Amino acid sequence: MLSDNIKSYVHLHFIVFIWGFTAVLGALITLDALPLVWFRMSIAVLIILLYAFIKKLPLKLNGKTAAMLLVAGLVIALHWLTFFKAIKVSNVSVTLACLSTGAFFTSLLEPVFFKRKVVGYEVLFGLFVVAGLYLIFRFEGDYTYGIILALTSAFLSASFSIINGKLAQKYNPTVISFYELSGGVLFLSLYLLFTGSFSPSFFIIPATDWLWLFALGSFCTAYAFIASVQVMKFLSPYTVMLTINMEPIYGIILALLVFNEKEQMSWTFYAGAAIIITTVILNGVLKKYTKKAK
């Protein structure tokens, strides 16, 4: 029989594989980024609500905390909007490579939010990330708009992870997820309402898009989130973090398999992407050994 640790590690890789497939689904769905994100978050909210009901998890929070979580949901909604828009105007490979800079942005934001000193090797790694981005920008000029959107998405992702890092210390992850996703749906709905975008045609979607949207909202969002919380009971945060860094690798490989020529890039793109991803992994390794030394 496999131990809980081994089973959890295999499960975690499956979850990260699913997250990598998110970008492919975003490219397969014909909807624009805004309705795509609205439907994704709405489906995920309904599924998490059903999960909470089955598990009898109380969702009630005080007004101030609920408001904070709803606003945090706006950040993740904007993160997904820029993420899927980047895919629409460029491709999956470019978007995922740039999204890998999230860890770099986190290292810049953490000293501000947590009032800690800037770490020397993080500055050095930041220069490597910039070098990787230079290679991508320099030789993939046709995707400039997509690259800017993907980098914006990475920054928003880093901001969201720092916000959640504080909130996760106090509240149940399923409750956090429910309120944040609900917040995203709320703010996007208000925008759609005031711009007159909510119309019968908004809900007329091809059958294949409904299929991909359900997969995106259920397996890639609600299930993956709840399952990732479960595996964290048996795996260290370090193992989880390093494994999650495989997401762009899985995603780029999947995109090549699904879209073939559309996703084939120049060798300089793969060199730049490799520099960014390797730097992110090395940053995690150094953090681990630095904590051990202390």
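Before reading on, note that the structure itself is shown above.
Per chain, residues are indexed from 1 in the order of the written sequence. In keeping with the predicted nature of the model, local features appear solely for residues at pLDDT of at least 70, side-chain atom pairs appear and are counted solely at 80 or more, and the whole-chain, interface and lining totals rest on all residues. Hydrogens are left out, water is left out, and the side-chain values use all remaining heavy atoms of the structure.

## Here's the deal with the environment of Trp-38
Here comes step 1: Residue position: Trp-38 is located in helix α2 (residues 33-55).
Here comes step 2: Classification of Trp-38 by relative accessible area gives buried; the value is 12%.
Here comes step 3: Sequence separation of Trp-38 and Gly-217 is 179 residues, and the distance between their C-alpha atoms is 9.9 Å.
Here comes step 4: Throughout, a residue-residue contact means that at least one pair of heavy atoms, one from each residue, lies within 4.5 Å. With residues up to four places along the chain from it excluded, the contact list for Trp-38 reads Val-185, Leu-188, Ser-189, Leu-192, Phe-198, Phe-202 and Phe-203.
Here comes step 5: Between N or O atoms, a polar contact is any pair within 3.5 Å; within protein, one atom must be a potential hydrogen donor and the other a potential acceptor, and residues adjacent in sequence are included only when both atoms are from side chains. Of the polar contacts made by the side chain of Trp-38, one reaches the side chain of Ser-189; its length is 2.8 Å. Going along the chain from the N terminus, every DSSP run of H or I of four or more residues is numbered as a helix, and every run of E of two or more is numbered as a strand. Residue burial is assigned from relative accessible area. The probe radius is 1.4 Å, only protein chains are included, and a residue is buried under 20% of its type maximum, exposed over 50%, and partly exposed in between.

## What about the pattern of salt bridges?
Here comes step 1: Any Lys or Arg side-chain nitrogen found within 4 Å of a carboxyl oxygen on Asp or Glu counts as a salt bridge. Summed over the entire model, instances satisfying the criterion amount to one salt bridge.
Here comes step 2: With a shortest N-O distance of 3.4 Å, Lys-85 and Asp-32 are connected by a salt bridge. Taken together, the positions of Lys-85 in helix α3 (residues 63-89) and Asp-32 in the loop between α1 (4-28) and α2 put the pair 53 residues apart, joining distant regions of the chain.
Here comes step 3: By relative accessible area, Lys-85 is classed as partly exposed at 26%.

## Describing helix α4 (residues 92-99)
Here comes step 1: The buried fraction of α4 amounts to eight of the eight residues, a majority that puts the element mostly inside the structure.
Here comes step 2: When we look at burial in α4, the residues that qualify are Val-92, Ser-93, Val-94, Thr-95, Leu-96, Ala-97, Cys-98 and Leu-99.
Here comes step 3: Looking at where α4 begins, the residue whose side-chain oxygen comes 3.3 Å from the main-chain nitrogen of Ser-93 is Asn-91.

## Concerning the packing of aromatic side chains
Here comes step 1: Pairing of aromatic rings covers Phe, Tyr and the six-membered ring of Trp, with a centre-to-centre limit of 6.5 Å; geometry is then stacked below 30 degrees between planes, edge-to-face above 60, and tilted otherwise. One pass over the full model with this rule turns up 13 aromatic pairs.
Here comes step 2: Ring plane angle 90° and centroid distance 6.0 Å describe the contact between Phe-39 and Phe-203, whose orientation is recorded as edge-to-face. You can see Phe-39 sitting in helix α2 and its partner Phe-203 sitting in the loop between α8 (173-194) and α9 (207-231), a full 164 residues away along the chain.
Here comes step 3: Residue Phe-39 is classed as buried on the basis of its relative accessible area, which comes to 4%.
Here comes step 4: One aromatic cluster is present, formed by Trp-38, Phe-39, Phe-198, Phe-202, Phe-203 and Trp-210 through successive ring pairs.
Here comes step 5: Distance and angle both matter: a charge sits over a ring if NZ of Lys or CZ of Arg is within 6 Å of the ring centre and within 35 degrees of the ring normal. One residue, Arg-40, lies across the ring of Trp-80, its end atom 3.8 Å from the ring centre.

## Regarding unusual backbone geometry
Here comes step 1: Even without being a glycine, Lys-56 presents a positive backbone phi close to 60°.
Here comes step 2: Inspection of the secondary structure assignment puts Lys-56 in the loop between α2 and α3.

## Focus: the side chain of Ser-159
Here comes step 1: In this structure, Ser-159 sits in helix α7 (residues 144-167).
Here comes step 2: We classify Ser-159 as buried; its relative accessible area is 15%.
Here comes step 3: Among the polar contacts made by the side chain of Ser-159, one reaches the main-chain carbonyl oxygen of Phe-155 at a distance of 3.0 Å.

## Quick word on the nonpolar core
Here comes step 1: In terms of nonpolar packing, the biggest core is built from 78 residues, with Met-41, Phe-84, Leu-188 and Leu-213 touching the most fellow members.
Here comes step 2: Each residue touching Phe-84, except ones within four places of it in the same chain, is listed here: Thr-22, Gly-26, Ala-33, Leu-36, Val-37, Arg-40 and Leu-216.
Here comes step 3: We define a nonpolar core as any set of buried Ala, Val, Leu, Ile, Met, Phe, Trp, Tyr and Cys residues linked to one another through side-chain atoms lying within 4.5 Å. Formed by seven residues, the second largest nonpolar core is a distinct cluster that contains Trp-19, Ala-224, Ala-227 and Val-231.

## Considerations on the packing of α2 against α8
The geometry of a pair of packed helices is captured by two quantities: the angle between their axes and the separation between those axes.
Here comes step 1: For helices, the fitted axis covers only the stretch in contact; all axes are lines through C-alpha atoms, and the angles between them, taken along N-to-C directions, range from 0 to 180 degrees. Running from amino to carboxyl end, α2 crosses α8 at an angle of 145°, the nearest separation of the two axes being 9 Å. Judged by the sense of rotation from one axis to the other, the crossing of α2 with α8 is left-handed. Side by side, α2 and α8 meet where Leu-34, Val-37, Trp-38, Met-41, Ser-42, Ala-44, Val-45, Ile-48, Leu-49 and Tyr-51 of the first sit next to Thr-174, Ser-177, Phe-178, Glu-180, Leu-181, Ser-182, Gly-184, Val-185, Leu-188, Ser-189, Tyr-191 and Leu-192 of the second.
Here comes step 2: Ten residues, namely Ala, Val, Leu, Ile, Met, Phe, Trp, Tyr, Cys and Pro, are considered nonpolar, four, namely Asp, Glu, Lys and Arg, are considered charged, and the remaining ones, Gly among them, are considered polar. Considered class by class, the residues forming the contact of α2 with α8 number 15 nonpolar, six polar and one charged. Rotating anticlockwise by less than a right angle from the far helix to the near helix defines a left-handed crossing, while the corresponding clockwise rotation defines a right-handed one.

## So, the environment of Phe-203
Here comes step 1: By relative accessible area, Phe-203 is classed as partly exposed at 41%.
Here comes step 2: When the C-alpha atoms of Phe-203 and Phe-39 are compared, they prove to be 9.5 Å apart, with 164 residues separating the residues in sequence.
Here comes step 3: Residues within four places of Phe-203 in sequence aside, it is in contact with Trp-38, Phe-39, Phe-198 and Trp-210.

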